[in-house]
Amino acid sequence: MKQRTITICASAYFYKNVVEIEEELKKLGFLVKIPDVARKMQQSSDFDVSKVRTWLTNPEDYKIKTKLMKDHFKKVLAADAILVVNNEKNGIKGYIGGNGLMEMTLAFHYKKPIFIYEPISNELTVAEEVYGLNPIFINKDLTIVRKHLP
């Protein structure tokens with residue numbers, strides 16, 4: 001049986017949870033790809049997002065964001081499926097931001113299953129688009145991913 005690859009997508013605010021979920025997916029037998037910044041945060045044990053998003057104060061650093069996006073898109077394309085980690089952010093349950101939606105759209109276009117970690121709130125501004133991508137909501141139960149990707 002071929003070992004399946006999952007790419008985790010998430011807001012940088014959730015990267016601490018991403019590395020925890022990565023370990024759980026590995027125990028289930030998956031190869032797991034996570035954002036490069038999540039790995040750097042894990043290695044430094046520093047999950048302070050403000051240190052990463054330098055483009056907010058220095059617009060010339062948007063080239064860094066562009067590279068990070070392109071690199072993660074490659075991971076989405078290289079995977080058998082994606083898992084969107086969508087914890088609560090700014091009082092919105094199941095938050096998915098712009099980058100997450102773009103990654104989901106890419107996976108959808110290439111016919112890759114899209115798993116979403118938690119239910120989304122109808123307050124989410126992109127809720128309609130998220131539902132339109134026909135994701136599989138797993139309610140934090142990673143064994144559901146295994147059932148869909150034997």
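Look up: the structure comes first, before these words.
Overview of the structure. Think of each chain on its own: its residues are numbered from 1, step by step along the sequence as written. With the structure being a predicted model, the display of local features is reserved for residues of pLDDT at least 70 and the display and counting of side-chain atom pairs for 80 or more, all residues being used for whole-chain, interface and lining totals. Just so you know, side-chain values use all the structure's heavy atoms and leave hydrogens and water out.

Across its full length, the protein chain carries six helices and five strands. A helix here means a DSSP run of H or I that spans at least four residues, while a strand means a run of E at least two residues long, and both kinds are numbered starting from the N terminus. Listed by position from the N terminus, the elements making up the protein chain come as β-α-β-α-α-β-α-β-α-β-α. Between the two quantities, the radius of gyration covers C-alpha atoms and the globule rule is 2.2 Å times the number of residues to the power 0.38. Computed over C-alpha atoms, the radius of gyration of the protein chain comes to 15 Å, within 12% of the 15 Å expected from 2.2 N^0.38 for 150 residues, which places it in the range of a compact globule. In this scheme, a residue with accessible area under 20% of its type's maximum is buried, one over 50% is exposed, and one in between is partly exposed, where area comes from a 1.4 Å probe on protein chains only. In the protein chain, buried positions account for 47% of the 150 residues. A sequence separation of at least 24 residues applies to 66% of the contacts in the protein chain between residues at least 6 apart. Note on areas: these come from Shrake-Rupley sampling with a 1.4 Å probe, and a residue is covered only by the protein chains present in the view. Accessible surface, the protein chain as shown: approximately 8400 Å² in total, 53% of it carbon and sulfur. Two residues qualify as a contact provided that any one of their heavy atoms is within 4.5 Å of a heavy atom in the partner residue.

Moving on to the nonpolar core. By nonpolar core we mean a set of buried residues, namely Ala, Val, Leu, Ile, Met, Phe, Trp, Tyr and Cys, connected to one another through side-chain atoms within 4.5 Å. Core analysis: the largest hydrophobic core is formed by 45 residues, its most contacted members being L25, L83, V85, M104, L124 and V130. Not counting residues up to four positions away in its chain, the partners in contact with M104 are I82, V84, I96, I114, I116, V130 and L133.

With respect to the helices, strands and loops of the structure, D80 is situated in the loop between α3 (62-78) and β3 (81-85). Under the relative-accessibility criterion, D80 is labelled buried at 18%. Put simply, D80 and F115 are 35 residues apart on the chain and 11 Å apart in space, counted from C-alpha to C-alpha. Not counting chain neighbours up to four residues away, the residues in contact with D80 comprise K2, Q3, R4, T5, K112 and P113. In protein, a polar contact means a hydrogen-donor-capable atom and an acceptor-capable atom, both N or O and within 3.5 Å, with residues adjacent in sequence counting only if both atoms are side-chain atoms; elsewhere, any N or O pair within 3.5 Å suffices. At 2.7 Å, the side chain of D80 and the backbone nitrogen of T5 are in polar contact.

Only centres within 6.5 Å qualify two rings of Phe, Tyr or Trp (six-membered ring in Trp) as a pair; their planes then separate them into stacked at under 30 degrees, edge-to-face at over 60, and tilted for everything else. Under the counting rule described, the total for this entry stands at three aromatic pairs. Taken together, a centroid distance of 6.4 Å and an interplanar angle of 40° make the contact between W55 and Y62 tilted. Since its relative accessible area comes to 40%, Y62 is described here as partly exposed. The lysine or arginine in question, R146, covers the ring of F30, its NZ or CZ lying 4.0 Å from the ring centre. Ring-over charges, as used throughout, are those where CZ of Arg or NZ of Lys falls within 6 Å of the ring centre and within 35 degrees of the ring normal.

Further remarks concern the sheet that holds strand β2 (residues 31-33). The strand order β2-β1-β3-β4-β5 describes an open sheet built from five strands, whose pairing is parallel. In this open sheet, the two edge strands, each paired with only one partner strand, are β2 and β5 (136-137). Whether two strands pair depends on DSSP finding at least two bridges between them. Where β3 meets strand β4 (residues 114-116), three bridges bridge the pair, whose relative direction is parallel. Within β4, the residue paired with I82 across the bridge is I114. Lines fitted to C-alpha atoms define the axes, with helix axes restricted to the stretch in contact, and inter-axis angles between N-to-C directions lie between 0 and 180 degrees. Here α3 sits on the sheet and contacts β1 (5-10), β2 and β3; the angle it forms with β1, its principal contact strand, is near 145°.

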